[in-house]
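Listed below are the residues making up each chain.
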Amino acid sequence: MAGVIDGLSWILLSVGGMFVFIGGVGTLRLPNFYTRMHAASLTDSMATLLILPGIMLQAGWSLATIKLLAILVFLLLTGPTASYALANAALLSGMKPEESRQTVGDKTSAS
Amino acid sequence: MIIVSGIFLLTLLAIIAVAIVRTKNLFVAVMLTSIFSLLMAANFFILDAADVALTEAAVGAGVTTVIFLSALSLTAERERSITRKRYLAIFVVVVTTLVLIYATFDKPRLGDPQAPVHQHVAPWYLEKTPEFIGIPNVVTAVLGSFRGYDTLGEVFVVFTACIGVLFLLGSRRGPEYAVYEPSPGNTGLSHHLIPKVVSRLLVPFIVLFGLYVQFHGEYGPGGGFQAGSIVAAGIILHALIEGEAAALAAVPRAALLGMVVGGAMLYGLVGLAGLVLGGNFLDYSVLLSDPIAGQQLGILLIEAGVGVTVCGAILLIFHAFAARELV
């Protein structure tokens, strides 16, 4: 049983870490602001959702698990809200979401 | 592992510090300062200074960023570029850096038990805290009781800083400033449904967490400074989302002034009460018949004073900036 929980926890942690990595690469590589933000928001929603349960499985039934659960709920509420606020602020300040085909085409000159 | 994380964080800190100096865009600089504070908080946490980490995260990364942004909205977003080379400044910086680097050669290793700082009064504090004060968190015991004078000084520094900011930012308005009301049209971001709903969910819990940090400071990391800034951060979030008027309706300016003055006075009065009851200034042992219970009561009261003052001061400074913003 302990081995199963340990394995499950490692799977969750590794996949979560992978999402952080993908988010980081996406933030650097994607062509425009909104797509980059989409990649960045991956880290604070999907990665959190995987990594924190992974740590919770490691912690077992203890006070730490409850605290991690509270952090998880907090991050799940604030992360997407922050992404929304950021996208909204960008839209209000006049940044138009562009057609992706054009921006991918001149990516080398833009960067 | 601690060494690796420490080196990683310090490297990032150095990179961000250089980026802050290099950037001409002040908005970017403010954001980088916020990241700097968050990394610094993580660094403090690695060094087992959880109390300081809490303060740094709440004040440095949270409140200061909001106040910087309020200040930024009053000025230009870009730094004026200076073309002239300032050789004297460069010389002073280089010499200071060399002196500081030279000074680190005499510094004992991190965590060295033979270091002078661990040989002086620290063992005495660790040994006597259970006997004299009877609380698990030695940091709170040192801060509140053994070195109560220092903390009193810190509270009055916060108090003075708050008065200074109010004088500087309120001066142009003269007597009108006291009766200033924000325009009813300013409702913050309340027309945005998602932030509004989420902030309404979160603000009560942030304030509750602040109160927990306040009253749990004797047992775990926390205390007045941290609690005051966390509660203030919660109310600033309310102000950002619902508009400044809503925050001022919840906690009026007069109440904030009362908090700043009252908290500092509570601290001083606890000290005087010790004097009246026949002890020394800030000696809490005489407050109750049982000296240990007296110490705990004294620490509880002065921590309350600290928390109330810090919370009031941060909110008053925030409102002072936000009021200018609307002119």
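Residues numbered from 1 in each chain as written. Chains lettered and ligands numbered in written order. Predicted model: local features only at pLDDT ≥ 70, side-chain atom pairs only at ≥ 80, totals over all residues.

Peer 1: Even after reading the chapter, I still don't get the overall build of chain A, so can you show me in this structure?
Peer 2: Across its full length, chain A holds five helices and zero strands. Along the chain direction, N to C, the helices and strands of chain A fall in the order α-α-α-α-α. Taken across its 111 residues, chain A has 14% of its residues classed as buried. Counted over contacts in chain A with a minimum sequence separation of 6, partners at least 24 positions apart contribute 65%. (Helix = DSSP H or I, 4+ residues; strand = E, 2+ residues; numbered from the N terminus. Buried ≥ 20, exposed ≤ 12 C-beta atoms within 10 Å, placed from the backbone. Contact = placed C-beta atoms within 7 Å.)

Peer 1: I would appreciate a short explanation of the overall build of chain B in the present structure.
Peer 2: Within chain B one finds 13 helices and zero strands. Reading the secondary structure of chain B in the N-to-C direction produces α-α-α-α-α-α-α-α-α-α-α-α-α. Among the 327 residues that make up chain B, the fraction classed as buried is 34%. Residue pairs at least 24 apart in sequence account for 70% of intrachain contacts in chain B once pairs closer than 6 positions are excluded.

Peer 1: Would you take a moment to explain the packing of helix α1 (residues 2-29) of chain A against helix α2 (residues 33-59) of chain A for this structure?
Peer 2: Helix-helix packing: each pair is described by the crossing angle between the helix axes and the interaxial distance. All names here are of chain A. Axis separation between α1 and α2 bottoms out at 8 Å; the angle between their running directions is 165 degrees. When the axes of α1 and α2 are compared, the pair comes out roughly antiparallel. Along this stretch, α1 crosses α2, giving a crossing that reads as left-handed. The class makeup of the residues in the contact of α1 with α2 is 17 nonpolar, eight polar and one charged. (Axes fitted to C-alpha atoms, helices over the stretch in contact; angles between N-to-C directions. Parallel < 35°, antiparallel > 145°, perpendicular 65-115°, else oblique. Left-handed = near helix turned anticlockwise from the far one by under 90°. Nonpolar A, V, L, I, M, F, W, Y, C, P; charged D, E, K, R; others polar.)

Peer 1: How should I be thinking about helix α10 (residues 224-242) of chain B in this particular structure?
Peer 2: One turn of an α-helix holds 3.6 residues; hence residues three or four places apart share an orientation. Relative to the 27 Å expected for 19 residues at 1.5 Å per residue, α10 of chain B spans 27 Å between its end C-alpha atoms, a close match to the ideal helical length. Among the 19 residues in α10 of chain B, 18 count as buried, and that is most of the element. (Expected span 1.5 Å × (residues − 1).)

Peer 1: Hey, could you run me through the interface of chain B and chain A in this one?
Peer 2: Where interface size is given, it is often the accessible area lost as the parts come together that is meant. Facing the six residues of chain B at the interface are six residues of chain A. In the side of chain B that touches chain A, the residues fall into five nonpolar, one polar and no charged.

Peer 1: Explain the confidence of the model for chain A here, please?
Peer 2: Atom-level detail of predicted coordinates should not be read off regions where pLDDT is low. With 88% of its residues at a pLDDT of 70 or more, chain A has an overall mean of 83. Considering only residues more than four positions removed or in separate chains, one finds that residues 103-111 of chain A, a stretch of pLDDT under 50, has six contacts. (pLDDT = per-residue confidence, 0-100.)

Peer 1: What's the story with the domain arrangement of chain B in this structure? I'm lost.
Peer 2: All names here are of chain B. Partitioning chain B into structural domains gives domain 1 (1-114) and domain 2 (121-327). Here the C-alpha centroids of domain 1 and domain 2 sit 25 Å apart. On the side of domain 2, 19 residues touch domain 1, which itself brings 14 residues to the contact. Across the side of domain 1 that touches domain 2, the residue classes break down as nine nonpolar, four polar and one charged. (Domains from an automatic or database assignment.)

Peer 1: Just checking my understanding: could you explain unusual backbone geometry for this structure?
Peer 2: Where the residue is not glycine, phi is negative for most of them; where a peptide bond is considered, it is trans in most cases. If you check the backbone angles, Asp48 of chain B has positive phi at about 70 degrees while not being a glycine. Examined against the element boundaries, Asp48 of chain B turns out to sit in the loop between α2 (26-46) and α3 (50-72).

Peer 1: Teacher, can you tell me more about helix α3 (residues 63-92) of chain A here?
Peer 2: The first and last C-alpha atoms of α3 of chain A sit 43 Å apart over 30 residues, in line with the 44 Å expected at 1.5 Å per residue. Within two residues after α3 of chain A, Gly94 of chain A carries a phi angle of roughly 100 degrees, on the positive side.

Peer 1: Sorry if this is basic, but what is going on with the packing of α2 of chain A against α3 of chain A here?
Peer 2: All names here are of chain A. Interhelical geometry of α2 versus α3 gives an angle of 175 degrees and a closest axis separation of 9 Å. As far as their axial angle goes, α3 and α2 are roughly antiparallel. When the residues that make up the contact of α2 with α3 are grouped by side-chain class, the tally is 18 nonpolar, six polar and one charged.

Peer 1: I keep staring at the nonpolar core and nothing clicks. Help me out?
Peer 2: In a soluble, globular protein the nonpolar side chains are often hidden away together inside. In terms of nonpolar packing, the biggest core is built from 58 residues, with Ala313, Ile317 and Phe318 of chain B touching the most fellow members. Elements with a contribution of two residues or more to this core: α2, α3, α8 (148-170), α9 (193-215), α10, α11 (244-250), α12 (253-276) and α13 (291-325) of chain B. When residues are assigned to domains, this core turns out to be shared by domain 1 (1-114) and domain 2 (121-327) of chain B, each giving three or more. The residues contacting Phe318 of chain B, other than those within four sequence positions of it, are Val66, Ile67 and Ile236 of chain B. If you look at the next biggest cluster of nonpolar residues, it comprises eight residues, including Leu42, Ala47, Leu52 and Leu57 of chain A. (Core = buried A, V, L, I, M, F, W, Y, C linked by C-beta atoms within 7 Å.)

Peer 1: Honestly, the confidence of the model for chain B in this entry has me stumped. Any pointers?
Peer 2: All names here are of chain B. For chain B, per-residue confidence averages 84 on the pLDDT scale, and 92% of positions sit at 70 or higher. Ignoring residues within four places in sequence, the model shows residues 174-180, a span with pLDDT below 50, making three contacts including any to other chains. Prediction confidence for the complex, expressed as pTM and ipTM, is 0.82 and 0.75 respectively.

Peer 1: I tried to follow the environment of Phe146 of chain B on my own but got confused; where do I start?
Peer 2: Residue and element names in this part refer to chain B. Inspection of the secondary structure puts Phe146 in helix α7 (residues 138-146). A tally of 19 C-beta atoms within 10 Å means that Phe146 is categorised as partly exposed. For the pair Phe146 and Gln214, spaced 68 residues apart in sequence, the C-alpha separation works out to 19 Å. Discounting chain neighbours no more than four positions away, the residues touching Phe146 are Tyr125 and Ala141.

Peer 1: Even after reading the chapter, I still don't get the environment of Ala141 of chain B, so can you show me in this structure?
Peer 2: All names here are of chain B. Here Ala141 lies in helix α7. Owing to 24 C-beta atoms within 10 Å, Ala141 belongs among the buried residues under this scheme. Taking the C-alpha atoms as reference, Ala141 lies 9.4 Å from Pro130; in sequence the two are eleven residues apart. Non-local contacts of Ala141, meaning those with residues more than four positions away in its chain, are made with Thr129, Ile133, Ile135 and Phe146.

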